[in-house]
Amino acid sequence: QVQLVESGGGLVQAGGSLRLSCAASGRTFSRYIMGWFRQAPGKEREFVARISRSGGSTVYADSVKGRFTISRDNGKNTVYVQMNSLKPEDTAVYYCAASFRHADPGPPSEFDYWGQGTQVTVSS
């Protein structure tokens, strides 16, 4: 069992930056592939980025590529996403998620544990 707690959300102007953090409980954090998703009102939850167990491999959605950077610190049981050049369309609740069962998780159904989410609002 893993518990995930996100932090770092808030209100920012377009063009600004935020860094989200996700702290995980337990001693097996390094066994999980970690991901970030987001969900805007009235829309489905969408993939943002994921990072391998060691942190050596990352995957991004096209919509955030070049602007967002996912990273992890296995010693601190924490995964981050640095979000730069934010746009109003980045406004959403952001969730971190952990996958244990899948070697290459993609959709939300392939992630086993979820945080409660943190709101990011980008004003124009």
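Figured I'd write up the structure that's included with this text.

Thresholds applied
- Residues numbered from 1 in each chain as written.
- Predicted model: local features only at pLDDT ≥ 70, side-chain atom pairs only at ≥ 80, totals over all residues.
- Heavy atoms only, no water.
- Helix = DSSP H or I, 4+ residues; strand = E, 2+ residues; numbered from the N terminus.
- Rg over C-alpha atoms; globule rule 2.2 N^0.38 Å.
- Contact = heavy atoms within 4.5 Å.
- Lys, Arg positive; Asp, Glu negative; His and termini not counted.
- Charge placed at Lys NZ, Arg CZ, Asp CG, Glu CD.
- Salt bridge = Lys/Arg side-chain N within 4 Å of Asp/Glu carboxyl O.
- Buried < 20%, exposed > 50% of the residue type's maximum accessible area, 1.4 Å probe, protein only.
- Pairing = 2+ DSSP bridges.
- Axes fitted to C-alpha atoms, helices over the stretch in contact; angles between N-to-C directions.
- Disulfide = S-S within 2.5 Å.

Glancing now at the overall build of the chain. The number of helices and strands found in the chain is 0 helices and 11 strands. When its helices and strands are written in sequence order, the chain yields β-β-β-β-β-β-β-β-β-β-β. Taken over the C-alpha trace, the chain has a radius of gyration of 13 Å; the compact-globule value for 124 residues is 14 Å, and the two agree within 12%. The C-alpha extent of the chain, read off along each of the three principal axes, is 40 × 25 × 25 Å. Relative to all contacts within the chain whose residues are 6 or more apart in sequence, the contacts with residues 24 or more apart total 57%. For the chain, the distance from the average position of its 14 positive side-chain charges to the average position of its 10 negative side-chain charges is 6 Å.

What follows covers the pattern of salt bridges. The full count for this structure, using the stated rule, is 6 salt bridges. Two residues, Arg50 and Asp104, come together in a salt bridge whose shortest N-O distance is 2.1 Å. In this pair, Arg50 sits in strand S5 (residues 46–51) while Asp104 sits in the loop between strand S9 (92–99) and strand S10 (113–114), placing the two residues 54 residues apart along the sequence. A residue is classified by how much of its surface remains accessible, and Arg50, at 14% relative accessible area, is buried. A relative accessible area of 53% means that Asp104 is categorised as exposed. Notably, a salt bridge pairs Asp62 with Lys65, separated by 3.1 Å at the nearest N-O pair. No difference in accessibility class separates Asp62 from Lys65, as the two residues are exposed. One continuous salt-bridge network, built from bridges that share partners, spans Arg38, Glu46, Arg67 and Asp90.

Turning our eyes to something else, we now look at the side chain of Ser21. For Ser21, the location among the structural elements is in strand S3 (residues 18–24). For Ser21, the residues in contact, after removing those within four places along its chain, are Val5, Glu6, Ser7, Trp36, Thr78, Val79 and Tyr80.

This part covers the sheet that holds strand S8 (residues 78–83). Taken in spatial order, the 4 strands make up an open sheet running S1-S3-S8-S7, and their pairing is antiparallel. In this open sheet, the two strands that pair with only one neighbour each are strand S1 (4–7) and strand S7 (68–73). Strand after strand, the sheet turns through a mean of 15° between neighbouring axes, direction not considered. Relative to S3, S1 runs antiparallel, the two sharing 4 bridges.

Turning next to the state of the cysteines. This model, assessed by the stated rule, comprises 1 disulfide. A sulfur-sulfur separation of 1.9 Å characterises the disulfide bridge that pairs Cys22 with Cys96. Highlighted residues: Cys22 in strand S3 and Cys96 in strand S9, separated in sequence by 74 residues. Exposure remark for Cys96: the relative accessible area of 0% places this residue in the buried category.

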